[in-house]
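Each chain, letter by letter, is given below.
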Amino acid sequence: MAGLYDFNGQYTSPTFTAHPKIDPDNGELITMGYEARGDVTNDVAYYLFDKNGKKLEECWFKTPYVGMMHDMAATKNWIIFILPPLEARSLDDIKKGEKHFAWSEKQHLMFGILPRRNPKPEDIRWFQADNAFYGHTGNAFEGDDGCIYLDAPLTYHNKVSDPGLSITRGPVSNLYLFLVLVLSSRWGGRLHPFQRQAPSRRQTREPLRPLEV
Ligand SMILES: [Fe+2]
């Protein structure tokens, strides 16, 4: 079959992630669309479908800024949304022919955590790392310590050296790490809000603190 597929009308976001996930245990499809209310909107639509294509969950929420949310990650109970500082330009600039995204040295790489089941828009919790480029998701899982672990290659500062995508030609790190990020901790089944705290560089298994936004 060729052409657009909207899950028989169940999927209404105009965008669809490049990398949805299929749960190997039950065949569920985990997916999302960003800029989901139009270009340069900070709306994300999360969807969960069963193995037969029946929608199980849908939740729309806001991001702290608009960036190229190319990939995502999931665990048994949580969805991880990755917001890298490939920031969207203004709608006016895009209409003038500028490229949609450009690297920002000012923004942080951020991670949004949402319950996989029965999520509410207000459930999203954001965590911030340094200015860094996130490659593709390797894996994500929940540790016995109540934390979410995320395996992913990470490069500090601008990994995208294409000048057409770069506002600033900031330092391009040669470091290409495979990190384990501890994104969140849960207390009593709830994500607990901490004050922001960026992790130090080159560390692994360093907890990121939730950011109140
Ligand atoms: Fe990709």
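Residues numbered from 1 in each chain as written. Predicted model: local features only at pLDDT ≥ 70, side-chain atom pairs only at ≥ 80, totals over all residues.

1. A few points about the sheet that holds strand 1 (residues 21-22)
Here comes step 1: With respect to topology, 4 strands assemble into an open sheet ordered 1-2-3-4, the strand pairing being antiparallel. Because the sheet does not close on itself, it has two edges, and the strands there are strand 1 and strand 4 (55-62).
Here comes step 2: In terms of strand pairing, strand 2 (residues 29-34) meets strand 3 (residues 43-49) through 6 bridges, oriented antiparallel. Considered in strand 3, the bridge of Thr-31 is made with Tyr-47. (Pairing = 2+ DSSP bridges. Helix = DSSP H or I, 4+ residues; strand = E, 2+ residues; numbered from the N terminus.)

2. With respect to unusual backbone geometry
Here comes step 1: With a phi close to 45°, Glu-35 is a non-glycine residue in the positive phi region.
Here comes step 2: Although it is not a glycine, Val-40 sits at a positive phi angle of roughly 65°.

3. With respect to the pairing of strand 6 (residues 78-83)
Remark: a regular strand shows side chains that alternate across the two faces of the sheet.
Here comes step 1: Extensive coverage of strand 6 is indicated by the burial of 6 of its 6 residues.
Here comes step 2: Judged by which residues are buried, strand 6 turns out to be covered on both faces: Trp-78, Ile-80 and Ile-82 on one side and Ile-79, Phe-81 and Leu-83 on the other are all buried.
Here comes step 3: The sheet contact formed by strand 5 (residues 72-74) and strand 6 spans 3 bridges and is antiparallel. Each bridged residue has a counterpart across the sheet, and for Ala-74 the counterpart in strand 6 is Ile-79.
Here comes step 4: Between strand 5 and strand 6, which follow one another and run antiparallel, lie 3 residues.
Here comes step 5: One ladder, built from 6 bridges, connects strand 6 with strand 9 (residues 110-115); its direction is antiparallel. If you follow Ile-79 over to strand 9, its bridge partner there is Leu-114. (Buried ≥ 20, exposed ≤ 12 C-beta atoms within 10 Å, placed from the backbone.)

4. Some details on the environment of Leu-154
Here comes step 1: Note on placement: Leu-154 falls in strand 13 (residues 147-156).
Here comes step 2: The exposure class of Leu-154 is buried, given the 23 C-beta atoms found within 10 Å.
Here comes step 3: When the C-alpha atoms of Leu-154 and Tyr-134 are compared, they prove to be 4.8 Å apart, with 20 residues separating the residues in sequence.

5. Re the nonpolar core
Here comes step 1: Ile-79, Ile-80, Phe-81 and Leu-114 are the most contacted members of the largest nonpolar core, which totals 46 residues.
Here comes step 2: Discounting chain neighbours no more than four positions away, the residues touching Leu-114 are Tyr-46, Cys-59, Phe-61, Trp-78, Ile-79, Phe-81, Pro-119, Asp-123 and Ile-124. (Core = buried A, V, L, I, M, F, W, Y, C linked by C-beta atoms within 7 Å. Contact = placed C-beta atoms within 7 Å.)

6. As for the environment of Gly-53
Here comes step 1: With respect to the secondary-structure elements, Gly-53 resides in the loop between strand 3 and strand 4.
Here comes step 2: Assessed through the 12 C-beta atoms surrounding it within 10 Å, Gly-53 is described here as exposed.
Here comes step 3: Spatially, the C-alpha atom of Gly-53 lies 8.8 Å from that of Asn-8, the residues being 45 residues apart in sequence.

7. Quick notes on the environment of Lys-99
Here comes step 1: Counting through the fold element by element, Lys-99 comes out in the loop between helix 1 (91-95) and strand 8 (101-103).
Here comes step 2: In sequence terms Lys-99 and Ala-88 are 11 residues apart; their C-alpha atoms lie 8.6 Å from each other.

8. As for the confidence of the model for the protein
Here comes step 1: Overall, the prediction assigns the protein a mean pLDDT of 78, with 72% of residues at 70 or greater.
Here comes step 2: In this model residues 163-206 is a low-confidence stretch, pLDDT under 50, and it forms 92 contacts with partners more than four residues away in sequence or in other chains. (pLDDT = per-residue confidence, 0-100.)

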